[in-house]
Amino acid sequence: MNATIFNIERFAIHDGPGIRTTVFFKGCPLRCPWCANPESQKAARQLQHQSNKCSTCQSCVRNCPNGAILCKEGRIAINREACKKCEVCVKVCPNGALSIVGQEQSIEEIYEVLIRDKDYYEASGGGITLSGGEVMLQWKVAKELLRKVKAEGIHTAVETCGDVPIEAFEELTGYVDLFLFDIKHMDAEKLRNVTGGSLERILQNLSYLTKQKEHQMIIRVPVIPEFNDDAAVMTQIFELAQRFGIPEVHLLPYHTLGIHKYEQLGMTYQMKEQGMTKEELQPYVRMGEQMGLSVGIGG
Amino acid sequence: MVKFDVNGIQNVEVSKKIPCEKPLLWQLELMERYTETHRKFSSCSKERREAECLKVLFPALLREIEETDLFAGRLDFLPIGFGAVTSVGGVGHYCVFAKLRAFEKEIGEAYHDRVEALYQYWLSHDLKTRYCKEVLTETTIGRFIDVEYPLIATARLSGMMLDYRKLLDLGIAGLRALLQEQSSQEPDNEFIRSCFMCLDIYKESACYLAEMAYRQRNQLDVTNTKRYQELTDMAEALEKISSNKPETFLEALQALWLYALLAGCINYGRLDELLGSYLARDLDSGRMTEEQAYAYVKSLWTMVENRRTTVNGRIIVGGKGRKNPEDADRFLHIAMKVAKDCRYVEPQFTLRVDENTSEEIWDEALEALGAGATYPTIYNDEVNVPAVAYGMRVDEETASRYVPFGCTEFVLWGQSTGTPNVCINLLKLLTIYMNRGVDPMDGQYKLGPIQPKQFEEMTSFEEFYDGYRELLDYYMDLSIDAQYRSYEIMDQHVGFLFNSILMDDCIARRKPLLDGGVRYLGGTCETYGNINTSDSLYVIKKLVFEEKSVSLPELIKATISNFEGYELLRKKCIALEKYGNDCKPVDDMANDLYEFVAKGIRERGILKGMQYYLIVISNNSLNSEWGMRTGASPDGRLAGMFMNPANNPQGGADRSGPTAMLNSLSRFDAKYHGGSVQNIKFSTSMFRDNKLLMKTLFKTYFKKGGCHLMVTVVDSGALEDAMEHPENYPNLIVRVAGYSAVFVDLADCVKQELLSRTLYDEGKCRV
């Protein structure tokens, strides 16, 4: 069985406790405009072009069997409908400016990487995290992977947006030690309009998970200007945590580290280009703490 | 005889030396007197001549005590004199010709004839020149540091770590008694006789400095009671140690320092072990406060820094084999604080850790590293002690005496020599091999009698690799001979008397160091380009013999043409897995090459009758300089580009994070080398925000077999900005490899190499 992933990050220290290795699965049901990993959204493989490495030699233009690459006004332009991801251009580019995002990897291949840092996980109270994109869209393969990792006694975490059929969670509980569960907003309409997500389904899944006792839960909130960077919204989220008996909330300050990837994928970034500092979130931390929650900034 | 440039640069010198404080004419006269003495005693024993020459230098070359000094002993160096190492002065009876020429320019035309006379005399008497004349060849062995050659060799006595405990326990009187004992058994022994003269020089120097301290004290403004007391303490300590053994911390520090100065030693050893009990006694008895102790140690840091040896100045604390660890740790804690506060490039503050190292010590170390001190550099005793026991063929108790000097070479303090007098560039040899013996950089044939096989007929990687190993064997033979010969030639001319007195078993055997005196005659051979070479071998194995996507002649043609017209092939070479990513087949290749060279060198040392001769993967900035004269390589590295530092990956080739890199690094079995340095670089925010994880990372790496780690913590983007605006970064310290330096003082090629290294920063793949 294969998984479609776009990265494995070792020494990941923001996706759960301790030193971890995080597997990023490709494909996501949401379309958050602030997404720092735009390559994670589509399930299919994608061609990526880094213009800073490109010398416009046009080898790709000449060699593309589908005529999907053009040179317009001295710049490489990709017709993404026509691109068949055959990788001919990737091979002929002398500068390494073209690459394919997303690869199919077997459970064994991924496991083989995960197991290498076992000593570091054990010493630091860390483990592995499955993230994305949305790992739950590939729950079957995730389940097999988690089963294998857990058998080694390694701590497992799953990071999820929660907007997937409940079956996925039903299948995975028992193999996961920690869910990092995203809550982005408590207004269903706003959430749907901005991200395309269904609050109803998210809360349903959250409710299901909190009833299971095998795992720990942490709510994660990406704090986004002009979306949820607002005391009222935060209060609602903290109340939700209280209601479900989830003691820990992590606030993730908005950042722009992924901006350059939008251009590489032929996408447009629509958010503002100024990130937030940790200090800006301190008032929310105090708010949450007053409500009896443990609130952290970052992973 | 081979031609070589006697005026060439002979060592890495990044830190600028403090100029001599004496008038030029005084300097000239002293050099003349030295030369005359050398000539006059040429028919006497080498020991007598050495002692007579030392009498010319000391105490004359001692400098004025500086206002901030809390103990005494600063020294000037002239272009002619006596020494042990190239970083301060020179080796044996030396003349540094380039510096003599510079002196000539400074003193002016009127003295030309007198300087020229010195120059001509030393052309045939400078010890290193004698060595070079005999050992260097036209195309295979070059002088230090001539980067045209695949192997460079020199005569020097680097890294002596003396048994100062003997000096502290016995004092000058006690040492004299030891000599007396031997003298009564063999009254005519020239070595013992000359050692007496050395002790006289020590006494005279101590008295000279005591007088200087009294003089400075008497010139003080009456209101300056603090300095009055400091100078009184200093003078009294000097008077005390001029004949007797030290009893206080200050006296012990003073005794040790003065001796190191006179012996020409620039590494100081396990000072926690040596000074800890004096410190504890003074603190407990109320003779000294914590603040005073801090001030003394800080003064020591300043004195070491001011000697500016660039790659030495080792002060070592912690680890196995300390007799009184509790007292030693009291010194350690103060030293840790001083290292953090000072952030000097020297001393090279070195922490040995083992399973008993406390959390407090670990936390202090991380604190200092996080402050950007680049110190302490950390050695893992759990790995190194057994490794040294095997490598140097001694028991574990003896092995626990190991101390790293210079760029990391191990030596047994008080018992062995370990000077690295030969360096080999493995990558240059590979490029020469691939070009059928001719160095692509200058068209010279550099394989001596070896004729490489025809590549066209090769059908397996092993065949190719065998051919390379054949010439490595040839060069390893050259290496052991050049190293051994350096000892013989040094021994012919000098006794290194001050060194010999505090080294087992010179006095007992009544023999100077290199004449059978030292208990363990060891040595080290530096290897360069290790990882570029193994990565290149892997590329050849994979692309040519496994995938068969390119033929061997074509790949060779591509590298010889510096990949011009072969850009796609180069991309393929670079894209292939590289060492440093925890990728087993690549790491195995690196390990195979490492073991071949390390074992080859070690066996040759044993066969030659040495206690040990081990490779060190130490690296100063020679990886960058030698890279400039090394052809393109199959790992995708272009001609003239820096080579990888020590056994770290080529800059930027490690793309899988710190755990993966450390897993690769910990694969080499430490028992075959005599020191190997491992660099890692973190952004300040990453390091400071995650100290607990960093500690776990380092400790786990050590548990997995890592032998050493040195950590640079630097703001993300700071090095890049310092390239553009050096004026804003006068104090930005970086760990180059076996030494630290102020970044903006480094040569451009070294800066580029440092920039290329992966900076571990906050993860980028975060939603």
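Residues numbered from 1 in each chain as written. Chains lettered and ligands numbered in written order. Predicted model: local features only at pLDDT ≥ 70, side-chain atom pairs only at ≥ 80, totals over all residues.

## Some words on the domain arrangement of chain A
Residue and element names in this part refer to chain A.
Here comes step 1: The domain boundaries assigned to chain A delineate domain 1 (2-43 + 103-297) and domain 2 (46-101).
Here comes step 2: In this structure, domain 1 and domain 2 have C-alpha centres spaced 32 Å apart.
Here comes step 3: Contacts between domain 1 and domain 2 engage seven residues on the former and eight residues on the latter.
Here comes step 4: A breakdown of the residues in the side of domain 1 that touches domain 2 according to their chemical character gives two nonpolar, two polar and three charged. (Domains from an automatic or database assignment. Contact = placed C-beta atoms within 7 Å. Nonpolar A, V, L, I, M, F, W, Y, C, P; charged D, E, K, R; others polar.)

## Regarding helix H8 (residues 225-243) of chain B
A turn of α-helix holds 3.6 residues, and therefore any two residues three or four places apart point the same way.
Here comes step 1: With 19 residues, H8(B) should cover 27 Å at 1.5 Å per step; its first-to-last C-alpha distance of 28 Å lies within 8% of that length.
Here comes step 2: Next to the buried residues of H8(B) lie helix H6 (164-185), helix H7 (190-218) and helix H9 (249-263) of chain B. (Helix = DSSP H or I, 4+ residues; strand = E, 2+ residues; numbered from the N terminus. Expected span 1.5 Å × (residues − 1).)

## Here's the deal with the nonpolar core
Residue and element names in this part refer to chain B.
Here comes step 1: Ranked by size, the top nonpolar core spans 328 residues in total, and within it Ala-213, Leu-238, Leu-253, Leu-256, Tyr-259 and Ala-335 carry the most contacts.
Here comes step 2: Top element by residues in this core is H9. It accounts for 13 residues.
Here comes step 3: Ignoring any residue separated from it by four or fewer positions in sequence, one finds Ala-335 in contact with Val-297, Ile-315, Val-317 and Phe-349. (Core = buried A, V, L, I, M, F, W, Y, C linked by C-beta atoms within 7 Å. Buried ≥ 20, exposed ≤ 12 C-beta atoms within 10 Å, placed from the backbone.)

## Looking at the environment of Leu513(B)
Residues and elements named next belong to chain B.
Here comes step 1: Among the structural elements, Leu-513 can be located in the loop between helix H19 (506-509) and strand E12 (522-528).
Here comes step 2: In the structure, Leu-513 is positioned 19 residues away from Val-494 in sequence and 9.4 Å away in space, judged by C-alpha atoms.
Here comes step 3: Residues contacting Leu-513, with those up to four places away along its chain left out, are Thr-417, Gly-495, Phe-496, Asn-499, Ser-500, Met-503, Cys-506 and Val-518.

## Quick look at the interface of chain B and chain A
Here comes step 1: Taken together, the contact between chain B and chain A spans 23 residues of the former and 21 residues of the latter.
Here comes step 2: Elements supplying a minimum of two residues to the side of chain B that touches chain A: helix H22 (567-575), helix H25 (657-665) and helix H27 (691-703) of chain B.
Here comes step 3: It is H27(B) that contributes the most residues to the side of chain B that touches chain A, six residues altogether.
Here comes step 4: Here the residues of the side of chain B that touches chain A are counted per class, giving seven nonpolar, eight polar and eight charged.

## Things to note about unusual backbone geometry
Residue and element names in this part refer to chain B.
Here comes step 1: With omega at 0 degrees, the peptide bond leading from Glu-346 into Pro-347 counts as cis.
Here comes step 2: On the secondary structure map, Pro-347 appears in the loop between helix H12 (325-342) and strand E7 (348-353).
Here comes step 3: Omega for the peptide link from Tyr-375 to Pro-376 comes to 0 degrees, which places this bond in the cis form.
Here comes step 4: Tracing the backbone through its elements, the reader meets Pro-376 in the loop between helix H13 (359-370) and strand E8 (377-380).
Here comes step 5: Despite not being glycine, Arg-510 has its phi angle at roughly 55 degrees, a positive value.
Here comes step 6: Position of Arg-510 among the secondary structure elements: in the loop between H19 and E12.

## Structural notes on the sheet that holds strand E13 (residues 294-297) of chain A
All names here are of chain A.
Here comes step 1: Here nine strands make up an open sheet; going across it, the order is E7-E1-E2-E8-E9-E10-E11-E12-E13 and the pairing mixed. Both edges of this open sheet fall to strand E7 (103-106) and E13, since each of them pairs with a single strand only. In this sheet, neighbouring strand axes are inclined to one another by 30 degrees on average, regardless of whether the strands run parallel or antiparallel.
Here comes step 2: Note that strand E1 (residues 2-12) and E7 share four bridges and pair antiparallel. Within the sheet, the bridge partner assigned to Ile-5 lies in E7 and is Gln-103. (Pairing = 2+ DSSP bridges. Axes fitted to C-alpha atoms, helices over the stretch in contact; angles between N-to-C directions.)

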